[in-house]
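Here are the chains, one letter per residue:
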Protein chains: 2
Amino acid sequence: MTDKPNAPNHALIPFGQHVAKLRKNLGISQEELSGRCGLDRTYISGIERGKRNLSLTNVFKLAKALDVPPKVLLDYPEEVVSHDN
Amino acid sequence: MTDKPNAPNHALIPFGQHVAKLRKNLGISQEELSGRCGLDRTYISGIERGKRNLSLTNVFKLAKALDVPPKVLLDYPEEVVSHDN
DNA sequence: TTGTGACTTTCAGTCCGTT
DNA sequence: TAACGGACTGAAAGTCACA
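Conventions we followed
- Residues numbered from 1 in each chain as written.
- Chains lettered and ligands numbered in written order.
- Predicted model: local features only at pLDDT ≥ 70, side-chain atom pairs only at ≥ 80, totals over all residues.
- Heavy atoms only, no water.
- Near = heavy atom within 4 Å.
- Polar contact = N/O pair within 3.5 Å; in protein donor to acceptor, adjacent residues only side chain to side chain.
- Helix = DSSP H or I, 4+ residues; strand = E, 2+ residues; numbered from the N terminus.
- Nonpolar A, V, L, I, M, F, W, Y, C, P; charged D, E, K, R; others polar.
- Buried < 20%, exposed > 50% of the residue type's maximum accessible area, 1.4 Å probe, protein only.
- Arc of directions from axis to C-beta.
- Contact = heavy atoms within 4.5 Å.
- UniProt positions renumbered as here; feature names shortened; annotations may be inferred.
- Core = buried A, V, L, I, M, F, W, Y, C linked by side-chain atoms within 4.5 Å.
- Least-squares fit on C-alpha atoms with pLDDT ≥ 70 in both.
- Salt bridge = Lys/Arg side-chain N within 4 Å of Asp/Glu carboxyl O.

Topic: the protein's contact with DNA strand C
Argument step 1. Within the structure, DNA strand C sits among 20 residues, and A:Q30, A:R41, B:Y43, B:S55 and B:N58 are positioned closest to it.
Argument step 2. A share of 58% is what sugar and phosphate atoms reach among the atoms of DNA strand C within 4 Å of the protein.
Argument step 3. Between A:R49 and DNA strand C, the recorded distance is 2.8 Å, taken from a side-chain N or O atom to a phosphate oxygen.
Argument step 4. Contact distances for DNA strand C include 3.3 Å between a base nitrogen and a side-chain N or O atom of B:T42.
Argument step 5. Going through the elements one at a time, α2 (30–37) and α3 (41–48) of chain A together with α3 (41–48) of chain B are the ones with two or more residues in the surface near DNA strand C.
Argument step 6. Partitioned by chemical class, the residues of the surface near DNA strand C number three nonpolar, nine polar and eight charged.

See the structure below:
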């Protein structure tokens, strides 16, 4: 980890946003997703906010729970989408 | 981690094989790849053999070093390719 | 329904080496 | 050139109480 120690890694934020989007597409809550992939609800929350640098196996679990192939989880524009403007 | 504790995660093996393939496509050694992404030589070796459960940020580093978008690193057939038959 | 800080345990990741 | 092992440090995993 050569990145800033205290800051959440910038690369994790768009990933988390993408996860949140896929989850909402399914119309399920973080808790429902949590149940589906066996990861803690608060852990899911951390992922969606880009606070967690999850490992590959958890990416796979998440992909399965979201019913998409793993590569779809990494298939999003590189830029961070702020709120609107 | 609900997986078997001692066994290397089966899902990591095809991933590692894919990494090795992409690396060889570039015609570079593990050590050269190591230098490009800043990860240890022995760690790269472990990844390619499916022994390592790397984190997302390292997936990104690897993708950059291999000069492919991150999603390509997860874009391979789900089945493990044994040797031939 | 989700965000958050704090916490302990487990393992990611590095560095030394040998085969 | 790569597989593999041991020992070590810091970060991810996983959970909790509470806002």
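More follows now that the structure is in view.
Some details on α2(A)
Residue and element names in this part refer to chain A.
Argument step 1. What α2 keeps buried is the set L33, S34 and C37. An end-on view of α2 places all buried positions within 105° of arc, on one side of the element. Opposite the buried face of α2, by more than 90 degrees, sit the exposed residues E31 and G35.
Argument step 2. Contact partners of the buried residues in α2: α1 (12–25), α3 and α4 (56–65).
Argument step 3. Looking one or two residues past α2, G38 carries a phi angle of roughly 75°, positive in sign.

Overview of the UniProt feature "domain: HTH cro/C1-type" (unreviewed entry) in chain A
Argument step 1. The UniProt entry lists residues 19–73 of chain A under the feature "domain: HTH cro/C1-type" (unreviewed entry), expressed in the numbering used here.
Argument step 2. Summarising residues 19–73 of chain A: 67% helix, 0% strand, and an end-to-end C-alpha distance of 7 Å.

Observations concerning the nonpolar core
Argument step 1. If you look at the biggest cluster of nonpolar residues, it comprises 46 residues, and the most contacted ones within it are A:F15, A:L62, A:L73 and B:L62.
Argument step 2. Setting aside chain neighbours within four positions, we find A:L73 in contact with A:F15, A:H18, A:V19, A:L22, A:V59, A:L62, A:A63, A:L66 and A:V68.

Concerning the relation of the copies chain A and chain B
Argument step 1. Superposition of chain A onto chain B requires a rotation of 179° combined with a translation of 0.1 Å along the rotation axis, giving an RMSD of 0.1 Å. The relationship between the two copies is best expressed as a two-fold rotation axis. Distance from the rotation axis, computed per C-alpha, reaches its smallest value in chain A at A:S55: 1.8 Å.
Argument step 2. Mapped onto chain B, 100% of the interface residues of chain A are again interface residues, and the two copies thus contact each other with one and the same surface.

Focus on the pattern of salt bridges
Residue and element names in this part refer to chain A.
Argument step 1. For the structure shown, the criterion picks out six salt bridges over all chains.
Argument step 2. A salt bridge links E48 to R23; its shortest N-O distance comes to 2.6 Å. Residue E48 is found in helix α3, and its partner R23 is found in helix α1; the two are separated by 25 residues along the sequence. Taken as a pair, E48 and R23 share a single burial class, namely buried.

Section: unusual backbone geometry
Argument step 1. The phi dihedral of A:D67 is positive, around 60°, even though this residue is not glycine.
Argument step 2. Position of A:D67 relative to the elements: it lies in the loop between α4 and α5 (70–73).

Describing the environment of A:R23
Residues and elements named next belong to chain A.
Argument step 1. Accessibility expressed as a relative area gives 8% for R23, which makes it buried.
Argument step 2. Placed 10 residues apart in sequence, R23 and L33 show a C-alpha to C-alpha distance of 7.4 Å.
Argument step 3. A polar atom in the side chain of R23 sits 2.9 Å from the backbone oxygen of I28.

Some details on the environment of B:L22
Argument step 1. Of note, B:L22 is situated in helix α1 (residues 12–26).
Argument step 2. On a C-alpha basis, the gap between B:L22 and B:L73 in space is 8.5 Å, while along the polypeptide they are 51 residues apart.

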